[in-house]
Amino acid sequence: MLYDMKCVHCQSALEPEQMRCASCGTKQKARRKRHTEFDTETLTPEAQVLLERANQQYHWAIWGLIPGVGLILGPWVCWNLLHLRGKAEAESFASFLLTTFRIALMIALFQWSGLLLILLSCWMT
Ligand SMILES: [Zn+2]
């Protein structure tokens, strides 16, 4: 379980989308921007480590935008994300991983095909 949600009043377990506690009826705090932002207070320590690793991969992917650097970083980030993927239970987290994976994959494909085209044009002339 990525989300460790509890009622503020009676501490019984809650579903992530539940606005009102089923056992005591206490209204719960509204969830903010659930697709892009994670409420780190409600994440389990294990999930926080995962999130930190995912953020690191995202930053590596951005560095990969530098021509040449992405030749190594692109495939490397893809590889790392494939290993993180199995542990992503929350939907918002999984979609964040997928977005980062797509960026890294694009970088890898564009830079490798670019390099191959350069090599090919050298070989042809
Ligand atoms: Zn309650």
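Here the structure is a predicted model, which means the values were calculated and not measured. (Residues numbered from 1 in each chain as written. Predicted model: local features only at pLDDT ≥ 70, side-chain atom pairs only at ≥ 80, totals over all residues.)

Chemist: I keep staring at the overall build of the protein and nothing clicks. Help me out?
Modeler: Regarding its fold elements, the protein presents three helices and zero strands. Tracing the protein from N to C terminus, the helices and strands come up as α-α-α. Going through the 125 residues of the protein one by one, you find that 22% of them count as buried. Counting contacts in the protein only where the partners sit at least 6 residues apart, residues at least 24 apart contribute 50% of the total. (Helix = DSSP H or I, 4+ residues; strand = E, 2+ residues; numbered from the N terminus. Buried ≥ 20, exposed ≤ 12 C-beta atoms within 10 Å, placed from the backbone. Contact = placed C-beta atoms within 7 Å.)

Chemist: Please clarify how helix 3 (residues 91-124) should be interpreted in this entry.
Modeler: An α-helical turn contains 3.6 residues, so any two residues separated by three or four positions project in the same direction. Helix length check: helix 3, at 34 residues, gives a terminal C-alpha distance of 48 Å against a target of 50 Å (1.5 Å per residue), a fit within 8%. In this structure, the buried residues of helix 3 make contact with helix 1 (45-63) and helix 2 (69-85). (Expected span 1.5 Å × (residues − 1).)

Chemist: What is the right way to read the nonpolar core from this model?
Modeler: One broad trend across soluble globular proteins is that nonpolar side chains are buried collectively. Ala61, Val77, Cys78, Leu81, Leu97 and Ala104 are the most contacted members of the largest nonpolar core, which has 17 residues in total. Only helix 1, helix 2 and helix 3 provide two or more residues apiece to this core. Tallying contributions element by element places helix 3 first for this core, with eight residues. Excluding residues within four positions of it along the chain, cysteine 78 makes contact with Phe101, Ala104, Leu105 and Ala108. (Core = buried A, V, L, I, M, F, W, Y, C linked by C-beta atoms within 7 Å.)

Chemist: Would you explain the environment of tryptophan 76 in this entry?
Modeler: Along the polypeptide, tryptophan 76 turns up in helix 2. Taking the C-alpha atoms as reference points, tryptophan 76 and glutamine 57, 19 residues apart in sequence, are found 9.2 Å from one another.

Chemist: Sorry, what's going on with the packing of helix 2 against helix 3 here?
Modeler: Packed helices, taken two at a time, are described by their axes: the angle between them and the distance between them. Viewed as axis vectors pointing N to C, helix 2 and helix 3 meet at an angle of 150 degrees, and their least axial separation amounts to 8 Å. With respect to their mutual orientation, helix 2 and helix 3 come out roughly antiparallel. By crossing handedness, the relation of helix 2 to helix 3 is classed as left-handed. Contacts between helix 2 and helix 3 involve Gly70, Leu71, Gly74, Pro75, Val77, Cys78, Leu81, Leu84 and Arg85 from the first element and Leu97, Thr100, Phe101, Ala104, Leu105, Ile107, Ala108, Gln111, Trp112 and Leu115 from the second. (Axes fitted to C-alpha atoms, helices over the stretch in contact; angles between N-to-C directions. Parallel < 35°, antiparallel > 145°, perpendicular 65-115°, else oblique. Left-handed = near helix turned anticlockwise from the far one by under 90°.)

Chemist: I keep staring at the packing of helix 1 against helix 3 and nothing clicks. Help me out?
Modeler: Viewed as axis vectors pointing N to C, helix 1 and helix 3 meet at an angle of 25 degrees, and their least axial separation amounts to 9 Å. Considered as vectors, helix 1 and helix 3 are oriented roughly parallel to each other. Helix 1 and helix 3 meet at a crossing whose hand is left-handed. Across the interface between the two elements, Leu51, Ala54, Gln57, Tyr58 and Ala61 from helix 1 touch Phe93, Phe96, Leu97, Thr100, Ile103, Ala104 and Ile107 from helix 3.

Chemist: Where do I start with unusual backbone geometry in this structure?
Modeler: Glycine aside, residues mostly have negative phi, and peptide bonds are mostly found in the trans state. With phi around 65 degrees, glutamine 11 is a residue other than glycine that occupies positive phi space. Checked against the element boundaries, glutamine 11 lands in the segment before helix 1.

Chemist: What exactly am I supposed to notice about helix 1 here?
Modeler: In a regular helix each residue adds 1.5 Å, so 19 residues correspond to 27 Å; helix 1 covers 27 Å between its end C-alpha atoms and thus fits that length. For helix 1, the secondary structure elements touched by its buried residues are helix 2 and helix 3.

Scope: geometric values only; no functional claims are made or implied.
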